[in-house]
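Single-letter residue listing:
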Amino acid sequence: SMATSKQSISARLIRGMTLMELMVGLVIVGMGMTIAIPSFQGMLARNTMATQVNEFMLSLLQARSEASKTGRTVSILGKTTATDFSGGWCVARGSPANCTAPGADVVMSFPPLVAEASLSLVGGTVPIQFNSLGGLTGDSALDVDLCHASQPGRRIHISLVGRAKAHKSTAPYAADDPRLPAC
């Protein structure tokens, strides 16, 4: 009797799975994917947003450093318009600086944003410029908003001394707080 039960178990292992067992397994995998894919897409969008903020913060640090090092005005300006960075931007020496003109003194260039994102200077009409001390050339701090279709926006605040800090719109701020992006 023991030999017969061992034979039936080994015969069952050799045959494999039934169609019903395979279908139940596929339903379970499908349900898991239904839960995982939206979560994964959200993670990708958040990572894209963080990368875009970090790239812009890098350009701010590069511009401050270059202005201090060379003793000249250094600008960050958009490639399409001076205050819209969605189509790409550059760090360039001079005032006024230029990203695209032949012979432009470009320190660093950044590609256009991806994934339905926009990056623009809030209320400004001139490019971001740093003086030889690494501070802003204007008389007030500046804000840049990064907006994305499916994610909360971010505001990058640049103080008069040139320090930048990024703020998430999900942070616990009052509704009228100036650190909230206008997205």
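Everything discussed here concerns the structure shown above.
Each chain has its residues counted from 1, running along the sequence as written. Whole-chain, interface and lining totals are the exception, using all residues; otherwise, since this is a predicted model, local features are given only for residues with pLDDT of at least 70 and side-chain atom pairs are given and counted only at 80 or more. The basis for the side-chain values is all heavy atoms of the structure; hydrogens and waters are excluded.

**Let's talk about the overall build of the protein chain**
Helix and strand definitions here come from DSSP, where helices need a minimum of 4 consecutive H or I residues and strands a minimum of 2 consecutive E residues; each element is numbered from the N-terminal end. Secondary structure summary: the protein chain contains 2 helices and 8 strands in total. Out of the 183 residues in the protein chain, the part that is buried amounts to 32%. Here a residue-residue contact requires only that any non-hydrogen atoms of the pair lie within 4.5 Å. The contacts of the protein chain with a sequence gap of at least 6 include a subset with a gap of at least 24, amounting to 51%. Classification of residues uses two cut-offs on accessible area relative to the type maximum, computed with a 1.4 Å probe and protein chains only: under 20% is buried, over 50% is exposed, and between them is partly exposed.

**Digging into the packing of aromatic side chains**
Here is the rule: rings of Phe, Tyr and Trp (six-membered ring for Trp) pair when centre to centre is within 6.5 Å. Planes less than 30 degrees apart are stacked, more than 60 are edge-to-face, and the remainder are tilted. Under the counting rule described, the total for this entry stands at 3 aromatic pairs. Geometrically, the ring pair formed by Phe 56 and Trp 89 is edge-to-face, given 5.4 Å between the ring centres and 65° between the ring planes. Of the two residues, Phe 56 sits in helix 2 (residues 19-70) while Trp 89 sits in strand 2 (residues 89-93), which places them 33 residues apart along the sequence. Relative accessible area serves as the criterion here: at 0%, Trp 89 is assigned to the buried category. Aromatic pair Trp 89 and Phe 110: ring centres 5.0 Å apart, planes at 15°, arrangement stacked. Of this pair, Trp 89 sits in strand 2 while Phe 110 sits in strand 3 (residues 106-110), and the two are 21 residues apart along the sequence. For the pair formed by Trp 89 and Phe 110, the shared burial category is buried.

**Comments concerning helix 2**
The α-helix winds at 3.6 residues per turn, so residues separated by three or four positions along the chain end up facing the same way. Across its 52 residues, helix 2 extends 73 Å between first and last C-alpha, which sits within 8% of the 76 Å expected from 1.5 Å per residue. Fitting axes to the seven residues ending at a residue and to the seven starting there, one defines the bend at that residue as the angle between these axes. Roughly 25° is the biggest bend found in helix 2, and it falls at Ala 36, with proline Pro 38 one to four residues downstream. Those residues of helix 2 that sit buried are Gly 42, Ala 45, Met 49, Gln 52, Val 53, Phe 56, Met 57, Ser 59, Leu 60, Ala 63, Glu 66 and Ala 67. Positive backbone phi, at 70°, marks Gly 71, one or two positions downstream of helix 2. One less than the number of residues in a helix, times 1.5 Å, gives the span that helix is expected to have.

**Quick word on the side chain of His 148**
Note on placement: His 148 falls in strand 6 (residues 142-148). Judged by relative accessible area, which is 11%, His 148 ranks as buried. Those residues in contact with His 148 that sit more than four places away from it in its chain are Ala 45, Met 49, Ala 115, Glu 116 and Ala 117.

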